[in-house]
Amino acid sequence: MIGMREDAVKVFFLGVEVYAFGLYVALGLTLGLTVLALLMRKEKWRDGTAALTGVLAMGLGFMVSRLFFGLMDESLGRIMPLWAMLRVNTGGYSMIGALLGACMGGILAARLMKKSPARLLDLLAPALLLFVACERLGEGYIEDFGVSRTLTDSLLEGTFLTVQNGYGWRLATYHLESFTALVLSLVLLWDLTRSRRQGDTFVLFLLLYGASQVLMESLRYDQHMTVKAFVKLQQIMDMMLLGAGVILLAVRRWKTKRGLALTAVIVLAASVGIGVAIEFMIDRTKISHYILYLCFLIDMAVPVWLGLRLRKEG
């Protein structure tokens, strides 16, 4: 029997001692799978589809999450060897890997059940965000994880948005990420009630989650999946989610709205460059972080807005 890690925070749940982080992950999975099952039941999907989707999404999500971390995190100074990746009790996972793996599982389930993969991803997207909302809260039980740089002013000190360590007050980014994921899940659930083309709700997920998480990863300063102390790999992949949504919509509307589609692609490329510049400025200039992050927010909002316009035209 594998013993519990002494350095991990534990709580008692129904009389059993469990990892606090693991409990929030389990709660997130339960909530997400419940919502997915209810959505499929509402649309009268074939019995067993929700269960199959859940098994494949969790299985592939777990494997891809661990694989991404093992290949991309440099906390060991090198790529994690295969034998170390298999020691899953040591921890180390990638959220973007978990989401991509879950989507792969959803597509596979749709193929096996002879249903539309695009529609299944529509239903899966809000369920994934509910999982994210719970998992982020669990990150608060991991020391110095999911937090920002040391704050340089006292505006938020002592509030529920900050935590204190030996170096000062830091922003509890995991609270912001959890709240954002919850709000986005509600937005996607509302979008499912509208008359949409199959796959459009999932595209909305790519736009909104990708853009918001680029900002959140910028706020995080826990060195998770960071190369050379600057390049945040998950932030790059989150930008790729946003880019995939914009490019997909641009290609779809190229013949009917070529001007708008071309503008969206150009703005997307410019947003990448501006975002990189802002990231450099955050650590290398004395410009107020409030001003820089306001600019960053606008930088991410413009391609999202253009993507939403392209989506609406459809």
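Provided above is the structure to which this section pertains.
Reference entry: report on the structure contained in this document. This one's a predicted model, so the numbers in the text were calculated from it and none came from an experiment.

1. A look at the packing of helix α8 (residues 233-252) against helix α10 (residues 289-313)
Two quantities define a packed helix pair, namely the angle between the axes and the distance from one axis to the other.
Inference 1: Where α8 meets α10, the axes come as close as 8 Å, and the angle between the chain directions of the two elements is 30 degrees. Taken together, the axes of α8 and α10 are roughly parallel relative to one another. As for how α8 packs across α10, the hand of that crossing is left-handed. Residues Gln 235, Met 239, Leu 242, Val 246, Leu 249 and Ala 250 of α8 form the contact with α10, whose participating residues are Phe 296, Met 300, Pro 303, Val 304, Gly 307, Leu 310 and Arg 311.
Inference 2: Along the lines of polarity and charge, the residues of the contact of α8 with α10 split into 10 nonpolar, 2 polar and 1 charged.

2. As for the pairing of strand β4 (residues 162-165)
Inference 1: Two strands pair when backbone bridges link them, and β4 and strand β5 (residues 168-172) are joined in this way by 4 bridges, in the antiparallel orientation. Bridging from a neighbouring strand, Thr 162 pairs with Leu 171 of β5.
Inference 2: What sits between β4 and β5 in their antiparallel hairpin is a turn of 2 residues.

3. A word on a nonpolar patch on the surface
Inference 1: Nonpolar side chains collect at one region of the surface, where Leu 294, Leu 297, Ile 298 and Val 302 lie side by side and expose about 340 Å² of accessible area between them.
Inference 2: Along the chain, Ile 298 falls in helix α10.
Inference 3: With a relative accessible area of 48%, Ile 298 lands in the partly exposed category.

Criteria and cut-off values
Residues numbered from 1 in each chain as written. Predicted model: local features only at pLDDT ≥ 70, side-chain atom pairs only at ≥ 80, totals over all residues. Heavy atoms only, no water. Axes fitted to C-alpha atoms, helices over the stretch in contact; angles between N-to-C directions. Helix = DSSP H or I, 4+ residues; strand = E, 2+ residues; numbered from the N terminus. Parallel < 35°, antiparallel > 145°, perpendicular 65-115°, else oblique. Left-handed = near helix turned anticlockwise from the far one by under 90°. Contact = heavy atoms within 4.5 Å. Nonpolar A, V, L, I, M, F, W, Y, C, P; charged D, E, K, R; others polar. Pairing = 2+ DSSP bridges. Patch = residues over 30% accessible without salt bridge, like charges linked within 9 Å, V, L, I, M, F, W, Y side chains within 5 Å. Areas by Shrake-Rupley, 256 points an atom, 1.4 Å probe, with all protein chains shown as cover. Salt bridge = Lys/Arg side-chain N within 4 Å of Asp/Glu carboxyl O. Buried < 20%, exposed > 50% of the residue type's maximum accessible area, 1.4 Å probe, protein only.

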